[in-house]
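Inside the fold
Given next are the chains, with one letter for each unit.
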Amino acid sequence: MNAVTEPEVRAWVERYVHAWKTQAEDDIAALFTEDAEYHEWPYETAWIGRAEIVRGWLDRREWQEGGWDFEWAVLGISGDTAAVGGTGTYRKLGTFANLWTVTFDDGACSVFRMWNNEV
């Protein structure tokens, strides 16, 4: 286990937001390890493996119609895992409070967990 630093977490989240904007397969894939896990509650999302994560993201393109904004902050870091809090505002879907835990392996995410609540 390698400890992750706040600048590394910030750079990863910025790449995540960029990938959500571009919806480019390469941008999404670059965020995750080959065998990464992506879990989201309360939507019971469980995407296992980089290819499934990319497919899952691309299936949600319609969420972005009309535009969106995302504000976020690093809440804490423990070893290889960071906690990130954010608020996503989608013109069509509404506003959602997010809590993420992101476990890193050499700069890529190996386990992503998100609690996503409409506010």
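Scroll up to find the structure this text is about.
In this numbering scheme, every chain counts its residues from 1 along its sequence in written order. Only residues with pLDDT of at least 70 are given local features in this predicted model, and only at 80 or more are side-chain atom pairs given and counted; all residues enter the totals for whole chains, interfaces and linings. Neither water nor hydrogens contribute to the side-chain values; these are computed over all heavy atoms in the structure.

Thoughts on the sheet that holds strand β1 (residues 32–41)
The strands that make up a sheet pair up through hydrogen bonds in the backbone, lying either parallel or antiparallel. Two strands form a pair only when DSSP identifies at least two bridges running between them. A run of H or I in DSSP becomes a helix once it reaches four residues, and a run of E becomes a strand once it reaches two; helices and strands are each numbered from the N terminus. If you trace the 6 strands from one edge of the open sheet to the other, you get β2-β1-β6-β5-β4-β3, paired in mixed fashion. Taken across any chain shown, the strands that pair with only one partner, and hence form the sheet edges, are β2 (45–48) and β3 (68–78). Between one strand axis and the next, the sheet turns by 15° as a mean value, whatever way the strands run. As defined by bridge partners, β1 adjoins β2 across 4 bridges and the pair is classed as antiparallel. For His-39, the partnering residue across the bridge sits in β2 and is Ala-46. Axis definition: a line fitted to C-alpha atoms, over the contacting stretch in the case of helices. Angles run 0 to 180 degrees between N-to-C directions.

With respect to the pattern of salt bridges
The salt bridge criterion pairs a side-chain nitrogen of Lys or Arg with a carboxyl oxygen of Asp or Glu, the two atoms within 4 Å. Evaluated as defined, the whole model comprises 4 salt bridges. Between Glu-34 and Arg-50 there is a salt bridge; the shortest N-O distance is 2.7 Å. In this pair, Glu-34 sits in strand β1 while Arg-50 sits in helix α3 (residues 50–58), placing the two residues 16 residues apart along the sequence. Burial classes: relative accessible area under 20% of the type maximum marks a residue as buried, over 50% as exposed, and values in between as partly exposed (1.4 Å probe, protein chains only). With relative accessibility at 55%, the residue Glu-34 sits in the exposed group. The exposure class of Arg-50 is partly exposed, given its relative accessible area of 24%.

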